[in-house]
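Spelled out from the first residue to the last, the chains are:
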Amino acid sequence: MPNKMKNAVREYKDKHIDMEKLAGKIEEFFKNEKFKVQSVTHPKGTIIQAQKTGLLRTIIAADQSLTVTITGTPDDLTIRIGVAAWLKDLGIAAAEGLLVTPLLLFIEVPESLWVFEVEHNLWKYIEEQINLDL
């Protein structure tokens with residue numbers, strides 16, 4: 001039976017991270033990988049959703065996306081990556097819900113090598129950006 005993925009979480013303490021710049025870099029990562037991207041910034045953080053179009057869209061259902069949430073402060077930052085429903089209107093109300101209760105809104109899907117590879121590459125990219133002193 002395949003493992004289930006809700007989300008992966010990493011915390012960064014005392015790094016002085018420019019959260020807005022990091023969110024922009026994550027969007028850039030997805031766009032360079034040919035994903036459709038949407039994002040919203042809220043006082044509690046930022047949500048970035050990325051959806052692959054074309055053939056790979058059928059691997060992850062059409063209404064699902066890789067979703068990244070960035071919450072906290074520049075010195076106490078939490079980043080979550082998981083699969084969540086593509087929000088047709090990624091507005092403030094949706095952002096509030098996803099930023100406040102992320103574990104309830106991330107959905108369980110069978111892990112695929114593709115999802116694992118994208119998540120792995122994204123974490124590597126985020127770590128590189130943080131080490132470049134965002």
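The sections below set out a description of the structure shown in this document. This one's a predicted model, so the numbers in the text were calculated from it and none came from an experiment.

For the rest of this paragraph, the subject is the pattern of salt bridges. When their charged atoms lie close together, side chains carrying opposite charge are able to pair. A full pass over the atoms with the stated rule returns two salt bridges. Across the pair Glu127 and Arg10 runs a salt bridge whose closest N-O atoms are separated by 3.3 Å. Here Glu127 is found in helix α4 (residues 113–131), whereas its partner Arg10 is found in strand β2 (residues 7–13), with 117 residues between them in sequence. Accessibility expressed as a relative area gives 25% for Glu127, which makes it partly exposed. For Asp76, the salt bridge identified is with Lys13, shortest N-O distance 2.6 Å. Residue Asp76 is located in strand β6 (residues 76–85), and its partner Lys13 is located in strand β2; the two are separated by 63 residues in the primary sequence.

Counting across every chain of the model gives three aromatic pairs. With a centroid separation of 5.6 Å and 75° between ring planes, the pair formed by Phe29 and Phe30 is classed as edge-to-face. Overall, Phe29 belongs to the buried group, its relative accessible area being 10%. On the accessibility criterion, Phe30 (0% relative accessible area) is buried. Ring centres 5.2 Å apart and planes at 35° place the aromatic pair Phe29 and Tyr125 in the tilted group. Of this pair, Phe29 sits in helix α1 (residues 19–32) while Tyr125 sits in helix α4, placing them 96 residues apart in sequence. Like Phe29, the residue Tyr125 is buried in the burial classification. Linked through ring pairs, Phe29, Phe30, Phe35 and Tyr125 together constitute an aromatic cluster.

Conventions used here
Residues numbered from 1 in each chain as written. Predicted model: local features only at pLDDT ≥ 70, side-chain atom pairs only at ≥ 80, totals over all residues. Heavy atoms only, no water. Salt bridge = Lys/Arg side-chain N within 4 Å of Asp/Glu carboxyl O. Helix = DSSP H or I, 4+ residues; strand = E, 2+ residues; numbered from the N terminus. Buried < 20%, exposed > 50% of the residue type's maximum accessible area, 1.4 Å probe, protein only. Phe/Tyr/Trp six-rings, centres within 6.5 Å; stacked < 30°, edge-to-face > 60°.

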